[in-house]
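The residues making up each chain are set out below.
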Amino acid sequence: MYEASDLKKGIKIELEGEPYIITDFEFSKPGKGQAIYRVRMKNLLTGYSIDKSYRSNDKFQPANVSNLKLQYSYFDGTNYVFMDPETFENYSVNAELMEDKKDYLMENMEVDGTLYNEMVIDVTLPSFVEMKVTRSDPGVKGDTATNATKPATMETGLEIKVPLFVNEGDVIRIDTRTGEYLARVSTK
Amino acid sequence: MTVNFQNLARRSEIIRAARSFFHLEGFLEVETPIITPEPLPEANIEAIRTESGFLITSPEVYMKPLLAQGAQKIFQITKCFRKNEHGSRHREEFTMLEWYRAHSDYTKLKEDTIKLVRFIAEVLNTQTIERGDKKIDLFSNWEDIQVNAAYQKFAGHPAPTDDFQFDEEMTRLIEPNLGWNKPTFLSDYPVKYCPMSAACPNVPNFCQRFELYIGGLELANGCTELADWEKQRQNIEQEQQRRAQNNMQPYPFPNTFLEAMKTFPPSAGTALGIDRLAMLFTNSPDIQSVLTF
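Residues numbered from 1 in each chain as written. Chains lettered and ligands numbered in written order. Predicted model: local features only at pLDDT ≥ 70, side-chain atom pairs only at ≥ 80, totals over all residues. Heavy atoms only, no water.

Draft legend 1. Broad picture of the domain arrangement of chain A. All names here are of chain A. Taken domain by domain, chain A comprises domain 1 (2-62), domain 2 (65-124) and domain 3 (128-186). Taken together, the contact pairs 5 residues of domain 2 with 11 residues of domain 3. Roughly 590 Å² is buried in total at the junction of domain 2 and domain 3, and carbon and sulfur atoms are behind 71% of that figure. Looking at the side of domain 2 facing domain 3, the largest losses of area belong to Asp 103, Tyr 104 and Met 106, adding up to 91% of the total buried there. Linking domain 2 to domain 3 there are 1 residue pair in polar contact (both at pLDDT 80 or more). A class-by-class count of the residues in the side of domain 2 that touches domain 3 yields 4 nonpolar, no polar and 1 charged. (Domains from an automatic or database assignment. Contact = heavy atoms within 4.5 Å. Buried area = accessible area lost by both parts, 1.4 Å probe. Polar contact = N/O pair within 3.5 Å; in protein donor to acceptor, adjacent residues only side chain to side chain. Nonpolar A, V, L, I, M, F, W, Y, C, P; charged D, E, K, R; others polar.)

Shown next, in the form of structure tokens:
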């Protein structure tokens, strides 16, 4: 149990059955008035932020949120299935949550999972992944403009822009946060 | 945490200027005890307990008895202590400038406050206070808005009667909007929020208390002191009851203070936060920037 005066940035609390992380916290006390704890917090399920004011003796339940390493296993048609490599326990993550991330997933890839009441509510990809290019038209010869790029499709179906010298079969490194090509790791 | 010596230099100038100001105005500088066996009970302020007594939350408990013994104009710069107050504008231990005038009222104190802040600005060779990217002119006429009018203006209704709503809206809707064009006095509080202040003539539900805001920051609190001895005793008892309702530990009853106050003249006093003033004159959003440790 927390009291309002224990709250600070980063603490996770449960409010009306949903987990929140505190992103901003301010102690105020007007003149001779009572202490007011103003809190901005983000709903860990929806991502929306809310602002609330509390008194010093208001109490809060810590949210049952933890982090764990997970390994991606497979897509079962509805959910993405991850495994805890230590306990071999499987966790199903609904497709909506993986919408922007699914094209980076490769079998056995290690990700950071956020667990709330035994449910995975967020998955953080490794910042960098290495993938094989499965389709990309050859660069046009003589096109020497700097930073010239062409479209390429990866083994997972991910489509990104790559430099003209990258060929089908090459393995490249990609930044998962920006979706940008970083380097060629090996060539076939 | 590194010390900002530029800010410390300015803080030092501010304190030196404040001292000069009061000496030039004919005030007597006093030093009163930091430890007291009988703090004055307040519903929202908790004193720090020591083995030998309580650390003062304000020098009021000793400065008012000095007026009762005949002091006319006194001031003090001292450390004060308020338990569990910690934030970007608060520290448990902070520096207070407090001054009192016998046979005077809060209108005179507002004049003192204006003159003091302008005097310090002149010593610092500035006309303005900068707060973020805003400039607040200290030398044009200051604003003065009544508490009720401020709620009407910024919250859309008169001052609420519920304590939590009063304080919550004060910190969220009112304070952040005060004192951005020029310094602003917020005046005439509902009586229940100023147990030691005198009522406004003709408006008995409000009392002669003001707070000063500059750039949304509360800087000073002053009032015409309640001189009626019986009312003081009643209000002290009432504050003790409010503390009990808030589950705060009781203090010994301030018999020594009340006994001394039997000869208290009609007076007025102001408390001004030196750390806050240093924040304003150094454009610091956080109090730590004007502290040594």
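Draft legend 2. Up close: the pairing of strand 7 (residues 128-131) of chain B. All names here are of chain B. Alternating residues of strand 7 divide into Ile 129 and Arg 131, all buried, and Thr 128 and Glu 130, none buried. When strand 7 meets strand 8 (residues 134-137), the two strands line up antiparallel, connected through 4 bridges. Bridge pairing links Glu 130 to Lys 135 in strand 8. (Buried < 20%, exposed > 50% of the residue type's maximum accessible area, 1.4 Å probe, protein only. Helix = DSSP H or I, 4+ residues; strand = E, 2+ residues; numbered from the N terminus. Pairing = 2+ DSSP bridges.)

Draft legend 3. Region of interest: empty space enclosed by the protein. Residue and element names in this part refer to chain B. Under the definition given, this model contains 5 cavities of 30 Å³ or more. Considered as a void within the structure, the largest cavity measures approximately 670 Å³ in volume. Among the elements of the structure, strand 6 (93-102), strand 12 (203-214), strand 13 (217-224), helix 6 (229-245), strand 14 (267-273) and helix 8 (274-281) are those that each provide at least two residues to the lining of the largest cavity. Among the elements that line the lining of the largest cavity, the one with the most residues is strand 13, at 6 residues. Its residues placed into classes, the lining of the largest cavity shows 17 nonpolar, 11 polar and 16 charged. (1 Å grid on protein atoms, 1.4 Å probe; cavity = no way out; pocket = protein on both sides within 12 Å on 5 of 7 lines; lining within 4 Å. Points joined across faces, edges and corners; volume = space filled by probe spheres on them.)

Draft legend 4. Molecular detail of the interface of chain A and chain B. Counting from both sides, the interface comprises 15 residues of chain A and, opposite them, 23 residues of chain B. Summing both sides of the interface, chain A and chain B together bury roughly 1,700 Å²; the carbon and sulfur share of this comes to 50%. Broken down residue by residue, the surface that chain A buries against chain B is led by Phe 27, Lys 29 and Lys 32 of chain A, which jointly contribute 39%. The partner of Arg 89 of chain B in a salt bridge is Glu 26 of chain A, with the nearest N and O atoms 2.9 Å apart. Where chain A meets chain B, there are 10 residue pairs in polar contact (both at pLDDT 80 or more). Of all the elements in the fold, those that place two or more residues in the side of chain A that touches chain B are strand 3 (18-28), strand 4 (36-43) and strand 5 (49-55) of chain A. (Salt bridge = Lys/Arg side-chain N within 4 Å of Asp/Glu carboxyl O.)

Draft legend 5. Just the side chain of Thr 36 of chain B, in detail. All names here are of chain B. Relative to the assigned elements, Thr 36 resides in strand 2 (residues 35-36). Judged by its relative accessible area of 2%, Thr 36 falls in the buried class. A distance of 3.3 Å separates a polar atom in the side chain of Thr 36 from a polar atom in the side chain of Tyr 62. Look past the residues within four positions of Thr 36 in its chain and what remains in contact with it is Gly 53, Phe 54, Ile 56, Val 61 and Tyr 62.

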